[in-house]
Protein chains: 2
Amino acid sequence: MRPDAVPAPTVRRLSLYLRQLEAMQEGGKSTVSSRELGAALDLTDAQVRKDLACFGQFGQPGIGYRVADLAARVRTILGADKPRNVVLVGAGRLGSALARYEGFGEKGFRLVGVFDEDPDRIGRDVSPGGDLVVRSMDDLAAMVSEQNVRLGIICVPASTAQAVADRLVAAGVKGLMNFAPTPLKVPADVTVSGVDLAVQLEQVSFQVGVLAAGGEGP
Amino acid sequence: MRPDAVPAPTVRRLSLYLRQLEAMQEGGKSTVSSRELGAALDLTDAQVRKDLACFGQFGQPGIGYRVADLAARVRTILGADKPRNVVLVGAGRLGSALARYEGFGEKGFRLVGVFDEDPDRIGRDVSPGGDLVVRSMDDLAAMVSEQNVRLGIICVPASTAQAVADRLVAAGVKGLMNFAPTPLKVPADVTVSGVDLAVQLEQVSFQVGVLAAGGEGP
């Protein structure tokens, strides 16, 4: 199956399979069945087999999957087998916390630059090791080009998010993770994933209200 | 339409409509057409009318919607017309940043408690105003009960997330926003929304790879 024909939920589950397989590898497990892998993620074994079949055959009947091989294969499919450089724009509280978020590094992402327009923030250290300081937006394009950066994280207020996105795209970034509470307009060859934390909490809150009302209308 | 029959994408868009309407209200706009509201969010006017029709008629033909009335109505539907108390567990870097994240307050959420098991973190100030300090997990159940808390944010490592979820649910929390990179098992009357930031960035990265390959297989 062509990667662009793989359903989005399958791609999302690949990330979850990989996390699980890596945990199994650390635990010294060498083979895993689709049933075991599914049980760990609350999925049926049929779903697991179907998802992995999108990318060719990996398992052996009666034995299952070799954990290390399957992990390596999923990593390759996801592009997680090579380090991918990332820049982050907006070094406020959330941006600074994300700059230190270990989860990105564990997935093979490498944060190579943090940028802000605010002179008070430029020069400030935002890494645990002290090797990442906030830089001026004037340095953004050069960094993206020199470090071959394709991914950008936007943590600025809604009012400046589109301008920041435009600069990232102009510099050559092709994928954006947008924490600003506003939609972004980008060219067709650029992917945007919006993360609006307040909206997500509002959705949970709405569902809690629905369930509390026993599913009855207002 | 019963609230539990409203499609999830519609609920998600309600949050976006509300954000837009509030911005219009601040800008002094009194009426808005479905076309204007849609254009601001990259939606068709038909989509806007269909979404809002799920909850009854609001607009007047030829005039459109009264901004203040529609905002108030959407706020009521979302339950955002009354303050909703929230607790947060896990006062590491991400948890501390989320405790200070203004977006939740802007949506009418009120963070009433931040909890951690680590004695080094207990007592530490995590609010801009200095009126929110990290408390021991021993105080969690009493706070949830006293403050009538129905929503919890989990920012602990994957290894302890299920135990934290169990304690929140036992205390009476009905909706969870889970930042730990692991699925949670909860009773049927509890809603969980998982926010795995590293997985989301991995999804963006995968799409960038797909688009770069011109949609061709590996």
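Residues numbered from 1 in each chain as written. Chains lettered and ligands numbered in written order. Predicted model: local features only at pLDDT ≥ 70, side-chain atom pairs only at ≥ 80, totals over all residues. Heavy atoms only, no water.

Engineer: Please clarify how the overall build of chain A should be interpreted in this entry.
Structural biologist: When its secondary structure is counted, chain A shows nine helices and eight strands. Along the first, second and third principal axes, the C-alpha set of chain A runs to 60 × 55 × 35 Å. Taken across its 218 residues, chain A has 49% of its residues classed as buried. Of all intrachain contacts in chain A linking residues separated by at least 6 positions in sequence, the fraction that spans at least 24 positions is 55%. Only carbon and sulfur atoms are counted for the fraction: they give 50% of the accessible area of chain A, which is about 10000 Å². Across chain A, the 24 positively charged side chains and the 25 negatively charged ones have centroids separated by 6 Å. (Helix = DSSP H or I, 4+ residues; strand = E, 2+ residues; numbered from the N terminus. Buried < 20%, exposed > 50% of the residue type's maximum accessible area, 1.4 Å probe, protein only. Contact = heavy atoms within 4.5 Å. Areas by Shrake-Rupley, 256 points an atom, 1.4 Å probe, with all protein chains shown as cover. Lys, Arg positive; Asp, Glu negative; His and termini not counted. Charge placed at Lys NZ, Arg CZ, Asp CG, Glu CD.)

Engineer: What's the story with the sheet that holds strand 4 (residues 109-116) of chain B in this structure? I'm lost.
Structural biologist: Hydrogen bonds along the backbone pair up the strands of a sheet, which may run parallel or antiparallel. Residues and elements named next belong to chain B. Strand order in the open sheet formed by six strands is 5-4-3-6-7-8, with parallel pairing between adjacent strands. Strands with a single pairing partner mark the edges of an open sheet, and in this sheet they are strand 5 (134-136) and strand 8 (191-194). Strand after strand, the sheet turns through a mean of 25° between neighbouring axes, direction not considered. Relative to strand 7 (residues 175-178), strand 6 (residues 151-154) runs parallel, the two sharing four bridges. (Pairing = 2+ DSSP bridges. Axes fitted to C-alpha atoms, helices over the stretch in contact; angles between N-to-C directions.)

Engineer: Where do I start with the environment of Asp-42 of chain B in this structure?
Structural biologist: Structurally, the position occupied by Asp-42 of chain B is in the loop between helix 2 (34-41) and helix 3 (45-53). On the basis of relative accessible area, Asp-42 of chain B is assigned to the exposed category, the value being 54%. Taking C-alpha positions, Asp-42 of chain B is 15 Å from Leu-21 of chain B, a pair spaced 21 residues apart along the chain. A distance of 3.4 Å separates a polar atom in the side chain of Asp-42 of chain B from a polar atom in the side chain of Lys-185 of chain A. (Polar contact = N/O pair within 3.5 Å; in protein donor to acceptor, adjacent residues only side chain to side chain.)

Engineer: Just to check I follow, could you spell out helix 1 (residues 8-26) of chain A for this structure?
Structural biologist: Between its terminal C-alpha atoms helix 1 of chain A stretches 28 Å, which fits the 27 Å expected from 19 residues at 1.5 Å a residue. Buried residues belonging to helix 1 of chain A abut strand 1 (31-32), helix 2 (34-41), helix 3 (45-53) and helix 4 (67-78) of chain A together with helix 9 (197-212) of chain B. Positive phi shows up at Gly-28 of chain A, right after helix 1 of chain A, with a value of about 85°. (Expected span 1.5 Å × (residues − 1).)

Engineer: Which parts of the structure should I look at to understand the packing of aromatic side chains?
Structural biologist: Residues and elements named next belong to chain A. One pass over the full model with this rule turns up two aromatic pairs over all chains. Considering the side-chain rings of Tyr-101 and Phe-104, the 5.0 Å spacing of their centres and the 80° angle between planes classify their relative orientation as edge-to-face. For the pair shown, Tyr-101 and Phe-104 are each scored as buried. Just above the ring of Phe-109 sits the side chain of Arg-84; from NZ or CZ to the centre is 4.0 Å. (Phe/Tyr/Trp six-rings, centres within 6.5 Å; stacked < 30°, edge-to-face > 60°. Lys NZ or Arg CZ within 6 Å of the ring centre and 35° of its normal.)

Engineer: Can you walk me through the relation of the copies chain B and chain A in this structure?
Structural biologist: For these two chain copies, the linking operation is a rotation about an axis paired with a shift along it. For the pair chain B and chain A, the relating rotation is 180°, the translation along its axis is 0.0 Å, and the fit reaches an RMSD of 0.0 Å. The operation mapping one copy onto its partner corresponds to a two-fold rotation axis. Across chain B, the rotation axis passes nearest the C-alpha of Ala-97 of chain B, at a separation of 3.0 Å. A share of 100% of interface residues in chain B that are also interface residues in chain A marks the association as one of identical surfaces. (Least-squares fit on C-alpha atoms with pLDDT ≥ 70 in both.)

Engineer: For this particular structure, what's the right way to read unusual backbone geometry?
Structural biologist: A negative phi angle is the norm for most residues apart from glycine, just as the trans form is the norm for most peptide bonds. Phi at Asn-148 of chain A is positive, roughly 55°, even though this residue is not glycine. Examined against the element boundaries, Asn-148 of chain A turns out to sit in the loop between helix 7 (140-146) and strand 6 (151-154). Since its relative accessible area comes to 48%, Asn-148 of chain A is described here as partly exposed. For Asp-42 of chain B, which is not glycine, the phi dihedral falls at a positive 65°.

Engineer: Explanation requested: the confidence of the model for chain A in the structure shown.
Structural biologist: Any region with low pLDDT has predicted coordinates that should not be read closely. Confidence in the prediction for chain A averages 87 pLDDT; 93% of positions are at 70 or higher. At the low end of the mean pLDDT range in chain A sits helix 6 (residues 102-106) of chain A, at 83; at the high end sits strand 6 of chain A, at 97. (pLDDT = per-residue confidence, 0-100.)

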